[in-house]
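Observations on chain architecture
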Amino acid sequence: MDLDSILIYIDMGGFSAYVWPAYGACAGIMIWLIVASYIRLLREKRMLAKFGSRRTSVEKVSDIDRAEAHDDA
Amino acid sequence: MIMRSPKTLHRFANPARFMRLSSRALPWCLVMSFAFLLAGLYLGLFVAPPDYQQGESARIMFVHVPAAWLALLIYGVMAVASATALVWRHPLADLIAKSCAPIGAAFTIVALVTGSLWGKPMWGTWWVWDARLTSVLILLFLYLGYMALWQALENRETASKAAAILAIIGVINLPIIKFSVDWWNTLHQPSSVVKLSGSTIHSSMLWPLLIMAAGFLMFFFVVLILKVQREIIASKVRANQYLSSTHSHESSPPADRDE
């Protein structure tokens, strides 16, 4: 594959200004989605670790949420 | 009245079980997503031929169409999860619905942006208020509205119910998006892949498209697992914070004792 054929390919038949930004936007949003989700998960895990060995079941959490809702009302 | 949830639903309602199973599934979904996306990109960018009318610009289809399919699918998942949360008070359904919204919004934006980039060279305009484009824009507003409701209402139970009702009402938009190109005259081309009479797209373009769609779907599972796990852990953090605050409140001396 020589340089000319690479340039012809990159040119996308004159549509390079539309094709590559479309792929770029898609890749950018997908990378942001996965990286941001992973960072937020790590942040919550770190927050939970701060509370140490104190265990809380999620059933308990929903009870607490209900109690909070009741207090708000 | 709360309806009894089916046994299978109840089995998977346990967040601890979800954390265990999803942690095991996550690396597999991640590997499959990368494999499908890489194969789809190779086939779509190097193997698939240019379209006889649209030329190389038709390659935008390989990111635009899977993103649009996923935007619709995620809304469907969000609505079903919302209905499950409303009817059966399924503890995970609420978290799944809430986690779906930003992912769906992101893929709707991808569909709109890539569609706009495809529209400019083909139609001569970035945007047109036709039925397909407008109904997809409404889908984006539904996602944003759903997320805004969760943010705006402080009481989690009220926010969950209000957002669930919005998600269920918004389902009406899905068939409108799908059939908009058949019901109205639009600039957008009619369906060529998902049709009762069979696909009209050539297999050299259909296979890269389906493989990319599989990659996008696996990617959705990866991000969904990460987001739901985060929501479960955030619930535990909130509970611990609540317990800590009540504990410190109980143990601290009353204010008037010091005076």
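Rules used in this analysis
Residue positions within a chain follow its written sequence, with the count starting from 1. Whichever chain is written first is A, and whichever ligand is written first is 1; the rest continue in order. Totals for whole chains, interfaces and linings use all residues, but because this is a predicted model, local features are given only for residues with pLDDT of at least 70 and pairs of side-chain atoms are given and counted only at 80 or more. The basis for every side-chain value is the complete set of heavy atoms in the structure, and neither hydrogens nor water enter the calculation. We count a salt bridge whenever a side-chain nitrogen from Lys or Arg sits within 4 Å of a carboxyl oxygen from Asp or Glu. The buried label goes to any residue with under 20% of its type's maximum accessible area, the exposed label to any with over 50%, and the partly exposed label to all in between, with areas taken from a 1.4 Å probe on protein chains only. For helices the rule is a DSSP run of H or I covering at least 4 residues; for strands it is a run of E covering at least 2, with both sets numbered from the N terminus onward. Contact definition: two residues touch when any of their heavy atoms are within 4.5 Å. Summed over both partners, buried area is the accessible surface (1.4 Å probe) that two parts give up on being assembled. What qualifies as a polar contact is a pair of N or O atoms within 3.5 Å, subject to a donor-acceptor requirement within protein and to the restriction that residues adjacent in sequence count only when both atoms come from side chains. Residue classes follow a fixed rule: Ala, Val, Leu, Ile, Met, Phe, Trp, Tyr, Cys and Pro count as nonpolar, while Asp, Glu, Lys and Arg count as charged, and any other residue, Gly among them, counts as polar. Residues forming no salt bridge and having over 30% relative accessible area are the ones grouped into patches, like charges within 9 Å of each other and nonpolar side chains (Val, Leu, Ile, Met, Phe, Trp, Tyr) within 5 Å. The accessible surface values rely on the Shrake-Rupley method and a 1.4 Å probe; as for residues, cover is taken only from the protein chains in view. Known as pLDDT, the predictor's per-residue confidence is scaled from 0 to 100. To form a nonpolar core, buried Ala, Val, Leu, Ile, Met, Phe, Trp, Tyr and Cys residues must be joined to one another through side-chain atoms within 4.5 Å. Only centres within 6.5 Å qualify two rings of Phe, Tyr or Trp (six-membered ring in Trp) as a pair; their planes then separate them into stacked at under 30 degrees, edge-to-face at over 60, and tilted for everything else. Whether a charge sits over a ring depends on NZ of Lys or CZ of Arg being within 6 Å of the ring centre and within 35 degrees of the ring normal.

1. Details of the pattern of salt bridges
On inspection of all chains with the given rule, the structure shows 4 salt bridges over all chains. Residue B:R59 is joined to B:E56 by a salt bridge in which the shortest nitrogen-to-oxygen separation is 2.6 Å. B:E56 shares its class with B:R59; the two are buried. Across the pair B:E231 and B:K98 runs a salt bridge, and its minimum N-O distance is 3.3 Å. Of the two residues, B:E231 is situated in helix α8 (residues 203-251) and B:K98 in helix α4 (residues 91-123); the sequence distance between them amounts to 133 residues. For B:E231, a relative accessible area of 9% corresponds to the buried category. Look at the salt bridges and you will find they share partners, linking A:E44, B:K98, B:R230 and B:E231 into a network.

2. Observations regarding the interface of chain A and chain B
One frequent convention defines the size of an interface as the accessible area lost when the parts assemble. Across the boundary between the two partners, chain A contributes 39 residues, which contact 51 residues of chain B. Taken together, the two surfaces of chain A and chain B that pack against each other cover about 4,100 Å², and 76% of this comes from carbon and sulfur. Sorting the residues of chain A by area buried against chain B places A:Y18, A:Y23 and A:M30 first, and these three jointly supply 16% of that buried surface. Close ionic contact of A:E44 with B:R230 constitutes a salt bridge, the shortest N to O distance being 3.3 Å. At the surface where chain A touches chain B, the tally comes to 4 residue pairs in polar contact (both at pLDDT 80 or more). Put simply, the parts of the chain that give the side of chain A that touches chain B at least two residues each are α2 (16-50) and α3 (58-72) of chain A. Broken down by element, the residue count for the side of chain A that touches chain B peaks at 21 residues, all from α2(A). Taken together, the residues that form the side of chain A that touches chain B break down as 26 nonpolar, 3 polar and 10 charged.

3. Focus on a nonpolar patch on the surface
All names here are of chain B. A surface patch of nonpolar side chains, about 390 Å² in accessible area, is lined by L86, V87, I165, I168 and I169. Breaking the nonpolar patch down by element, the ones donating at least two residues are α3 (61-88) and α6 (156-169). Residue contributions to the nonpolar patch peak at 3 residues, all from α6. Counting through the fold element by element, L86 comes out in helix α3. Taking the relative accessible area as the measure of exposure, L86 reaches 32% and is therefore partly exposed.

4. Here we look at the confidence of the model for chain A
Here chain A averages 79 in pLDDT, and 68% of its residues register 70 or above. Residue range residues 67-73 of chain A is modelled with pLDDT below 50. Its contacts to residues more than four positions away, or to other chains, number 6 contacts.

5. Focus: the nonpolar core
B:Y75, B:M78, B:F107 and B:F216 are the most contacted members of the largest nonpolar core, which totals 76 residues. Those elements that provide at least two residues to this core are α2 of chain A together with α2 (15-47), α3, α4, α5 (131-152), α6, α7 (173-183) and α8 of chain B. Counting residues per element, this core draws most heavily on α8(B), which supplies 17 residues.

6. Describing the packing of aromatic side chains
Inspection of every chain in the model, using the stated rule, returns 12 aromatic pairs over all chains. Note on B:F107 and B:F219: the rings are 6.2 Å apart at their centroids and 85° apart in plane angle, and the pair reads as edge-to-face. Placement of the pair is B:F107 in helix α4 and B:F219 in helix α8, with a sequence separation of 112 residues. Of the two residues examined, B:F107 and B:F219, each falls in the buried class. Ring-pair connections join several aromatic residues into one group, and the members of that group are A:Y9, A:W20, A:Y23, B:Y42 and B:F46. Stacked on the ring of B:F179, the Lys or Arg B:K178 has its end atom at 5.8 Å from the ring centre.

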